[in-house]
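Next come the chains, spelled out residue by residue.
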Amino acid sequence: MAFSSAKSARRDRRAPRLKFRDERIFYYVALGPTAVVIAFVIALPIIYTFGLGFFVQNTLIRTWRFVGLSNYIDLLTDADFWFAFWNGIVFTVGSTAVATVFGLAIAILLDCNFRGRGPLRALVIFPYIVPSIVVAFIWKFIFSGRGILNDFLGFIGAQAVSVPWLGDQRFAMMAVVLISAWTWFPFAAITLLAAIQNVPDSIYEAAALDGAGPAKRFIHLTLPLLAPALMVVVLIRAIWAFRNYDMIWLLTEGGPIGATEVLPIMAYKEAFGLFRMGHASAVSVSLMVFVTLLAAVHFRVGARLRKAYDTS
Amino acid sequence: MVQVVFNSVGKDFGRDAVLRDIEFEVPAGRFVALIGPSGCGKSTLLRMIAGLEHIDYGEIYIDGKAVNDLAPKDRDVAMVFQNYALYPHMTVAENMLFTLRMARRTRAESNDRMWEAARILGLESLLDRYPRHLSGGQRQRVAMGRAIVRNPKVFLFDEPLSNLDAKLRVQMRAEIKRLHQRLGTTMIFVTHDQVEAMTMAEQVVILREGRVEQVGTPLELYDRPTNIFVAGFIGSPTMNLIGGTFEQDRGRLCFVPRNGTPIPVPPGTLPGASKVGPGRECFLGIRPEHISLPGLDPNSDGGGSFGEISAEVVLVEVTGLDTHIVASAPDGEITILIRGRFDTAAGDRLSFRLNFSAAHVFDAETGERLD
Ligand SMILES: Nc1ncnc2c1ncn2[C@@H]1O[C@H](COP(=O)(O)OP(=O)(O)OP(=O)(O)O)[C@@H](O)[C@H]1O
Ligand SMILES: [Mg+2]
């Protein structure tokens, strides 16, 4: 009696374990092929890039020479690198701030009840869905020396202006920031609109009865309640902007005189203009480190905010 | 003194008239329930008092002042929302302090008031919690705390108990009533639950499709409903309505149910019956507790105000306290409520006594009570 019950207890304990093992095998089998593909298309290039940074390589005659950290030392003592890094910060902060503030304003506007809200909402998406090559073409046209912007400025100032905005060292970065923000504010607007609509109207009504006017409601309710969404928008945008390549390349190719040269463009030029693969990969790796740091902040802050502002 | 006055108030949403010609007064300090079926405009009316909906027609006066053009914050009313509408990113204490901060009260005064409210509502131990860490009943209390720290002229409640479970609802019902007795502030309470209205309110306003059907104390509505709608809405189980006509039969007034045999009306009862012309369709309204069984009712023998009806039992429900019998009468079914226990089963044929002195006559066409 005692024996048989002990035996059955042991079997009971073993049974679910076996099952668990089966499940694990199933997971490995199911995920295996994907993991192999990911290893080839993502991990290998990254490792290859890392490795490249320790060599001086000549792509024409295919020779590799190990140089240790000297590519990195070259880079960290190179004023151009730090200038490109700084440009990246300016571009990131500028376009993120403009896109987020503008996106928030549009989101609040779209949350109001008015005629034509539906069509406007559809229209707001437009900059986001236009391919960047088209965006670049449109804005190059607007910002050119004899473009629409200058025509307009001349019209209201009654005096001819002919600054080629994208070609002027003083204004190029500002123009690139604005154009990039233009392509991205719809994402901010739509994301924030969803967050705004997630807040029950009755909370705002309660605040109105509690004596808070529109400005106070914005400061004490809208902003704190949108904080998690704002954080997500800002960080996703920042990560994207810091490693952005295509928009700047299409608009200015990093010029004039490096005024808009950022790290991805520098990497590209090192690799395919100067054929200094070692330098290029060192730039890429440092870029990756910065972006990874940003992503880490994103996940940490995001998780904490989600916890703190859980509205359910 | 009168606190809130509605002067032919109306409201349209687009083309639909949602409220029409609302006229009643709420005396200061009174506990008033607004009651009616879903969609009748209760919330809309409450929100018009609060200033959350525009007043399309007429005027609402609070404390003698027309508030049509006043912003919500200038009306000195506080509202407890159905979903509580607590500020999710603020603690319980901050939720209650918010309105005082907006009013630029001193910190000391704000804290005093907040603690006072917390004490009244038993929230002292929860002040540092966030709303998401509170139970439904606790959120409900915080919402009330947020209202009472302001010491407003009028409290508005929009179905505050509907999200609570049955037991908590009964408990909060008593708590709100005690709060009213303690503060003595005017309260307007929206509900679609007639039991809530009956048990809590001193005055009940019953709405249907945007119109006021009747205003009165709970017992006035119960005992003297102005029409069939009010009669059917108030009371559970609902009042029996037996369709039929009044006819003279050999010199005696009789109620003739549809497809039924005449029941003589005892003289001196049903004053409305004499106003109904012979043959005119009407309803005899009689509450389940005013129908009894001959042997059971102690004072049924001597009095001459009863009519008899024989019917077959269809269903018996026992609550433990009393027994509900559903029986098939000539015109549909009737419900009989018997205090205590009574042993019967479906299929039994019983003779019931209708207490005509507590019955009503309603005109079938207009639905109005006749008397
Ligand atoms: N913002 C609005 N736009 C259009 N119609 C509305 C609006 N708010 C309410 N209504 C309509 O007004 C009528 C009354 O609504 P209200 O919310 O006041 O009803 P209620 O009596 O509170 O119902 P319930 O018991 O379901 O809460 C309903 O027919 C509703 O459809
Ligand atoms: Mg409602």
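Each remark here, short or long, concerns the structure printed above.
The structure reproduced in this document is the subject of the present report. The model shown is predicted, which means the values in this text are computed figures rather than measured ones.

Rules and cut-offs
- Residues numbered from 1 in each chain as written.
- Chains lettered and ligands numbered in written order.
- Predicted model: local features only at pLDDT ≥ 70, side-chain atom pairs only at ≥ 80, totals over all residues.
- Pairing = 2+ DSSP bridges.
- Helix = DSSP H or I, 4+ residues; strand = E, 2+ residues; numbered from the N terminus.
- Buried ≥ 20, exposed ≤ 12 C-beta atoms within 10 Å, placed from the backbone.
- Axes fitted to C-alpha atoms, helices over the stretch in contact; angles between N-to-C directions.
- Contact = placed C-beta atoms within 7 Å.

1. Considerations on the pairing of strand E1 (residues 2-13) of chain B
Residue and element names in this part refer to chain B.
Reasoning step 1: When E1 meets strand E2 (residues 16-27), the two strands line up antiparallel, connected through eight bridges. Pairing of Val-9 across the sheet is with Ile-22, part of E2.
Reasoning step 2: Counted along the chain from E1 to the antiparallel partner E2, the turn is two residues long, and its residue Gly-14 has a positive phi close to 65°.
Reasoning step 3: Inspection of the sheet shows E1 paired to strand E4 (residues 57-62) by five bridges, in the antiparallel sense. Of the residues in E4, the one forming a bridge with Gly-10 is Tyr-57.

2. Brief notes about helix H11 (residues 263-273) of chain A
In an α-helix, one turn spans 3.6 residues, which is why side chains three or four residues apart end up on the same side.
Reasoning step 1: Turning to H11 of chain A, its buried residues number three or more, namely Leu-263, Pro-264, Ile-265, Met-266, Ala-267, Lys-269 and Glu-270 of chain A.
Reasoning step 2: After H11 of chain A finishes, the residue Phe-275 of chain A shows a positive phi value of roughly 55°.

3. A word on unusual backbone geometry
Residue and element names in this part refer to chain B.
Reasoning step 1: Along the chain, Ser-236 connects to Pro-237 via a cis peptide bond; the corresponding omega equals 0°.
Reasoning step 2: Along the chain, Pro-237 turns up in the loop between helix H8 (228-233) and strand E11 (240-249).
Reasoning step 3: Phi at Asp-76 is positive, roughly 60°, even though this residue is not glycine.
Reasoning step 4: Among the secondary structure elements, Asp-76 is positioned in the loop between strand E5 (65-66) and strand E6 (77-80).
Reasoning step 5: Although it is not a glycine, Asn-151 adopts a positive phi angle of roughly 50°.
Reasoning step 6: With 13 C-beta atoms packed within 10 Å, Asn-151 lands in the partly exposed category.

4. Points about the sheet that holds strand E3 (residues 31-35) of chain B
All names here are of chain B.
Reasoning step 1: Read from one edge of the open sheet, six strands run E6-E7-E8-E3-E9-E10, paired in mixed fashion. Among the strands making up the open sheet, the edge pair consists of E6 and strand E10 (211-216). Going from strand to strand, the sheet's axes swing by 20° on average, the running direction of each strand aside.
Reasoning step 2: One ladder, built from four bridges, connects E3 with strand E9 (residues 203-208); its direction is parallel. The residue bridging Val-32 from the neighbouring strand is Gln-203, located in E9.
Reasoning step 3: Lying over the sheet, helix H4 (residues 136-148) contacts E6 and strand E7 (154-158), oriented at roughly 175° with respect to E6.

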